[in-house]
2 protein chains.
Amino acid sequence: IMTCEIINIGDELLIGQVVNTNASWMAEQLNLIGVNVQQVTVVSDSADAIENAVKRALLTHDVVLLSGGLGPTKDDITKTTLAQMFNADMVIHEPTMQRNRLFFEGRNLPFTDINRKQAEAPNNCIVLDNLCGTAPGMWFDINGKIVVSLAGVPYEMKQLLQNEVLPRLQQRNETVILHKTVMTTGMGESFVAQRLETWEVALPAHIRLAYLPSPGYLRLRLSAFGNDKTLLQSELDRELSVLQSLIPDLIFGYDNQLIEEVVLQMLLQRQQTVSTAESCTGGAIAQCLTSLSGSSKVFKGSIVAYSNDVKQQILGVKADTLQTYGAVSEQTVIEMAQAVRQLLHTDYGIATSGIAGPTGGTPDKPIGMVWIAVASAQRTIAQQFQFADNRQRNIVRTTVAALNFLRTEIHN
Amino acid sequence: IMTCEIINIGDELLIGQVVNTNASWMAEQLNLIGVNVQQVTVVSDSADAIENAVKRALLTHDVVLLSGGLGPTKDDITKTTLAQMFNADMVIHEPTMQRNRLFFEGRNLPFTDINRKQAEAPNNCIVLDNLCGTAPGMWFDINGKIVVSLAGVPYEMKQLLQNEVLPRLQQRNETVILHKTVMTTGMGESFVAQRLETWEVALPAHIRLAYLPSPGYLRLRLSAFGNDKTLLQSELDRELSVLQSLIPDLIFGYDNQLIEEVVLQMLLQRQQTVSTAESCTGGAIAQCLTSLSGSSKVFKGSIVAYSNDVKQQILGVKADTLQTYGAVSEQTVIEMAQAVRQLLHTDYGIATSGIAGPTGGTPDKPIGMVWIAVASAQRTIAQQFQFADNRQRNIVRTTVAALNFLRTEIHN
């Protein structure tokens, strides 16, 4: 198996100004194609630090993947450092020169000598086209090892890694690796593991299951390793269908789709609309839906009824309901969901009310208790959830649960 | 100056499952007390990898700070690896044993042998009390160098670093370092730098200014280095007051306060309330305010009027206004802000309407164009902003701008 060290270059990473999200993204992509990342190293924008790190990494790993230090300013020295290490001369890379010139001319900016220098590259590397920025990537073959240098700007790095680096690495890797990610919500990791246990222990050695939890979600990733792609795909499909049959109630999507994307798609297909009446989520569901481009076709608006006044005056929740059952109750969320659906003339109405915390809990209604309702033309139905004591997490979990609840109520 | 390498241990960091937020937080804290972080290294839960990394780091740095690999499961091997490297025997640390026993008994959980092992530590280290978990920290003095090992769970690591590690490092560091962070919004880094240039270049060498941008914000951190704390504090205060006089219009707070915290405090003090009518922000301002515990005292609710129907039917924006000026206009946000203030009976009403992108722009109203209005008993005033073409960023920047706009309109 191919081994790799990732080296991220940049002072901003060493003073804690920037979180190194590049490293985790790169590591995930490499692991997905079967490259084993054994170390991540962050060093400063210093020629010595870069040279020492690369030399040391080349002693033990097959691939050394660098990001950062390719900008036009004088603290960006990765390119000249690598050229010197690998005894290369600098030559102009014409396609990059043309692309960069067009970029500057198109914005009426001067194409200066510093910008021209961005199109230079060592004469012993394969130049990788950067379609999102001015600094091309570089691929060196050094005594049977591979050194790759990419821009540090995340979207430039991602484009280069996905389009130029991963396909080249896959060509050199004989193992075929296939993945399928199943998106689930509604049950914690350990309980899902129990439901999958018998099947999971019986999986053949070349098919593995990974549990990837994040707030509100649990991703399940099936990976199959082998030589015969067609065979592997049919094996993966078979195991996937078993997995689907074991937890049909928990699956809402595939391949890193978010619940708001699934819901948006379903509503777009049906040309249906939704509105929300939010108390404990305070606008988080609306915010989540409107974060997606195109959401205006299905999302009409929201009444964030944080105070009981607003619940009564705008949504028309009965004073009697609030007094008898309280704001956090089945009766209240049902009235809220129906009211917002009617007021905003949408096909569906979602309502939330709960104790987000960290204060406000009672023995009857502890912190983390949440009621969610979904109203449609057919029926209005409410469900109670019990989350934990972290306010931010409770809001996220309620948002995911509410959108998933809507998903199960969507019909033609 | 003291130099440091951070070593984060954990397979989850090398497969990209977890973003290494520990490294940036640790690096920031160390830099704040004048410790120079020169490298961050991430290695797997393997004894060889840990030992090699620590040995190599000890060759060049004064302090080696480890996190991770101190849990009770069999893949957690940092403690035994360090004990072996430094020829130590394991001994029970009684205070940890007692704390851990109480923890398990208090939750009616069995206190097993594996849990007991958590209270063991090498006999040649200073044991650092972990008040948030079962794995104590370890401080080794090795031939004039320092090796510190902390739990990898972020809040455990933070408690240990702040309470146990930073004070000890400060004792060994003779330099006094003082900081003051000024929170600004409303102007980009390069333009702020122009306004500060004359003053900044004239700063004495032992006082430095750092520009720390993040979406919607620009933090300015003044750091003073010296020996005499009293003198240094008065120098820092003097420079701070110059800075304040240069950009009084941009400053909204200090020391990492967020704009929603500042606004919440101001409204709480005056016992005043606010509501929002959001179009392009889609609930983001409401979500931002309600993310703070205690916000229910000042935030009553929001009308997320994403569609024009909702603007007309719930907020009563005139059809004529929408037709003549459009949804993204001064006239529309003024009507929205006044309407939500009256409907929800609050002292202030905020309204937003804009083209968040990535589609929907026109020559007249390009992507990133946003109108914001604030209504109060005294007056209603609107302002136009021009942001860029990233949808998520435009929503964040509009949210910060709207809350800052409200801040300037708050009065008794």
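Just above sits the structure.
None of the values given here were measured: they were computed from a predicted structure.

Asker: Summarise the overall build of chain A; cite the residues concerned and give the values.
Answerer: When you go through chain A residue by residue, the secondary structure sums to 15 helices and 17 strands. Taking the principal axes of its C-alpha atoms as reference, chain A extends roughly 80 × 60 × 40 Å. When each of the 412 residues of chain A is scored for burial, the buried share is 56%. Taking as baseline every contact in chain A between residues at least 6 positions apart, the subset at least 24 positions apart corresponds to 66%. Here chain A has roughly 17,900 Å² of accessible surface; of this, 49% comes from carbon and sulfur atoms. One way to put it: in chain A the 32 positive side-chain charges average out to a point 4 Å from where the 40 negative ones average out.

Asker: Describe the layout of surface pockets, and please don't skip the residues or the numbers.
Answerer: Residues and elements named next belong to chain A. Each pocket or cavity is described by its volume, and for the second largest pocket that value is around 1,200 Å³. Lining the second largest pocket are 34 residues, with Ser214, Pro215, Gly216, Tyr217 and Leu218 sitting closest to its centre. Per element, the largest residue contribution to the lining of the second largest pocket is six residues, and it comes from helix H15 (residues 391-409). Residue classes in the lining of the second largest pocket are distributed as 15 nonpolar, 13 polar and six charged.

Asker: If you had to explain the relation of the copies chain A and chain B to someone new, which residues and values would you point to?
Answerer: Laying chain A over chain B is done by rotating through 179 degrees and shifting 0.3 Å along the axis; what remains is an RMSD of 0.4 Å. The symmetry that links the two subunits is that of a two-fold axis. A symmetric contact is evident, with 100% of the interface residues of chain A recurring at the interface of chain B.

Asker: Can you lay out the pairing of strand E13 (residues 274-278) of chain A for me, pointing to particular residues and giving the numbers?
Answerer: Residue and element names in this part refer to chain A. With five of its five residues buried, E13 lies for the most part within the structure. For the crossover from E13 across helix H11 (residues 284-290) to strand E14 (residues 299-305), the handedness is right-handed. Relative to strand E15 (residues 348-354), E13 is paired through five bridges, and the arrangement is parallel. Considered in E15, the bridge of Ala277 is made with Ala351.

Asker: Which residues make up the side chain of Asn130 of chain B, and what are the values?
Answerer: Counting through the fold element by element, Asn130 of chain B comes out in the loop between strand E6 (126-128) and strand E7 (137-142). Of note is the side chain of Asn130 of chain B, whose polar atom sits 2.7 Å from the backbone oxygen of Ala135 of chain B.

Asker: Requested: an account of the packing of aromatic side chains, with residues and values cited.
Answerer: Each aromatic ring pair is summarised here by two numbers: the centre-to-centre distance and the angle between the ring planes. Applying the stated criterion across every chain yields a total of 12 aromatic pairs over all chains. Seen in terms of ring centroids, Phe103 of chain A and Phe104 of chain A are 5.3 Å apart; in terms of plane orientation they differ by 80 degrees. Their pairing is edge-to-face. Classification of Phe103 of chain A by relative accessible area gives partly exposed; the value is 36%. Measuring from centroid to centroid gives 5.6 Å for Tyr217 of chain B and Phe252 of chain B, while their planes differ by 40 degrees, and the two rings are tilted. Linking Tyr217 of chain B in strand E11 (residues 217-226) with Phe252 of chain B in strand E12 (residues 251-254), this pair joins segments that are 35 residues apart in sequence. The class of Tyr217 of chain B is buried, set by a relative accessible area of 13%.

Asker: Would you mind going over the sheet that holds strand E12 (residues 251-254) of chain A in detail, with residue names and values included?
Answerer: All names here are of chain A. Here four strands make up an open sheet; going across it, the order is E10-E11-E9-E12 and the pairing antiparallel. The sheet terminates laterally at strand E10 (207-214) and E12, the two strands that pair on one side only. Averaged over neighbouring strand pairs, the angle between their axes works out to 25 degrees when direction is ignored. For strand E9 (residues 176-184) and E12, the ladder comprises three bridges, and the chain directions are antiparallel. Opposite Met183, over in E12, you have Gly253 as the bridge partner.

Asker: Give a detailed account of the interface of chain A and chain B, specifying residues and quantitative values.
Answerer: On the side of chain B, 59 residues touch chain A, which itself brings 59 residues to the contact. Carbon and sulfur atoms supply 56% of the area that chain A and chain B bury against each other, a total of about 4,100 Å² over both sides. On the chain A side of the interface with chain B, the three residues burying the most area are Leu14, Lys300 and Tyr306 of chain A, jointly 13% of the side's total. Measuring nitrogen to oxygen at the nearest pair gives 3.1 Å for the salt bridge that ties Lys300 of chain A to Asp309 of chain B. Where chain A packs against chain B, one counts 26 residue pairs in polar contact (both at pLDDT 80 or more). Broken down by secondary-structure element, the contributors of at least two residues to the side of chain A that touches chain B are helix H1 (11-14), helix H2 (21-32), strand E2 (36-43), E10, H11, E14, helix H12 (308-313) and H15 of chain A. Two elements, E14 of chain A and strand E14 (residues 299-305) of chain B, share five bridges in a ladder whose sense is antiparallel. Bridged to Gly301 of chain A within E14 of chain B is Ala305 of chain B.

Asker: Lay out the nonpolar core in plain terms, naming residues and giving numbers.
Answerer: Of all hydrophobic cores here, the largest spans 68 residues; its most connected members are Leu406 of chain A together with Leu406 of chain B. Sequence-distant contacts of Leu406 of chain B, that is, excluding residues within four places in its chain, are made with Val263, Leu267, Val274, Tyr348, Ile350 and Val374 of chain B. Of all hydrophobic cores here, the second largest spans 46 residues; its members include Val310 and Leu322 of chain A together with Val310 and Leu315 of chain B.

Asker: Got a sec to walk through the environment of Glu5 of chain B? Specific residues and values, please.
Answerer: All names here are of chain B. Along the chain, Glu5 falls in strand E1 (residues 3-9). C-alpha of Glu5 to C-alpha of Ser353: the two residues are 348 residues apart in sequence and 48 Å apart in space. A distance of 3.1 Å separates the side chain of Glu5 from the side chain of Arg56, its partner in a polar contact. There is a polar contact of 3.4 Å between the side chain of Glu5 and the side chain of His61.

Asker: Outline the packing of helix H2 (residues 21-32) of chain B against helix H7 (residues 154-172) of chain B, listing residues and values.
Answerer: Residue and element names in this part refer to chain B. Where H2 contacts H7, the two axes come as close as 11 Å, and the packing angle between them is 20 degrees. Relative to H7, the element H2 lies roughly parallel. Crossing angle aside, the handedness with which H2 passes H7 is right-handed. Along the contact surface, H2 presents Asn22, Trp25, Met26, Gln29 and Leu30, while H7 presents Pro154, Met157, Lys158, Leu161, Gln162, Leu166 and Leu169. When the residues that make up the contact of H2 with H7 are grouped by side-chain class, the tally is eight nonpolar, three polar and one charged.

Rules of the game
Residues numbered from 1 in each chain as written. Chains lettered and ligands numbered in written order. Predicted model: local features only at pLDDT ≥ 70, side-chain atom pairs only at ≥ 80, totals over all residues. Heavy atoms only, no water. Helix = DSSP H or I, 4+ residues; strand = E, 2+ residues; numbered from the N terminus. Buried < 20%, exposed > 50% of the residue type's maximum accessible area, 1.4 Å probe, protein only. Contact = heavy atoms within 4.5 Å. Areas by Shrake-Rupley, 256 points an atom, 1.4 Å probe, with all protein chains shown as cover. Lys, Arg positive; Asp, Glu negative; His and termini not counted. Charge placed at Lys NZ, Arg CZ, Asp CG, Glu CD. 1 Å grid on protein atoms, 1.4 Å probe; cavity = no way out; pocket = protein on both sides within 12 Å on 5 of 7 lines; lining within 4 Å. Points joined across faces, edges and corners; volume = space filled by probe spheres on them. Nonpolar A, V, L, I, M, F, W, Y, C, P; charged D, E, K, R; others polar. Least-squares fit on C-alpha atoms with pLDDT ≥ 70 in both. Right-handed = clockwise from strand over helix to strand, strands pointing away. Pairing = 2+ DSSP bridges. Polar contact = N/O pair within 3.5 Å; in protein donor to acceptor, adjacent residues only side chain to side chain. Phe/Tyr/Trp six-rings, centres within 6.5 Å; stacked < 30°, edge-to-face > 60°. Axes fitted to C-alpha atoms, helices over the stretch in contact; angles between N-to-C directions. Buried area = accessible area lost by both parts, 1.4 Å probe. Salt bridge = Lys/Arg side-chain N within 4 Å of Asp/Glu carboxyl O. Core = buried A, V, L, I, M, F, W, Y, C linked by side-chain atoms within 4.5 Å. Parallel < 35°, antiparallel > 145°, perpendicular 65-115°, else oblique. Left-handed = near helix turned anticlockwise from the far one by under 90°.

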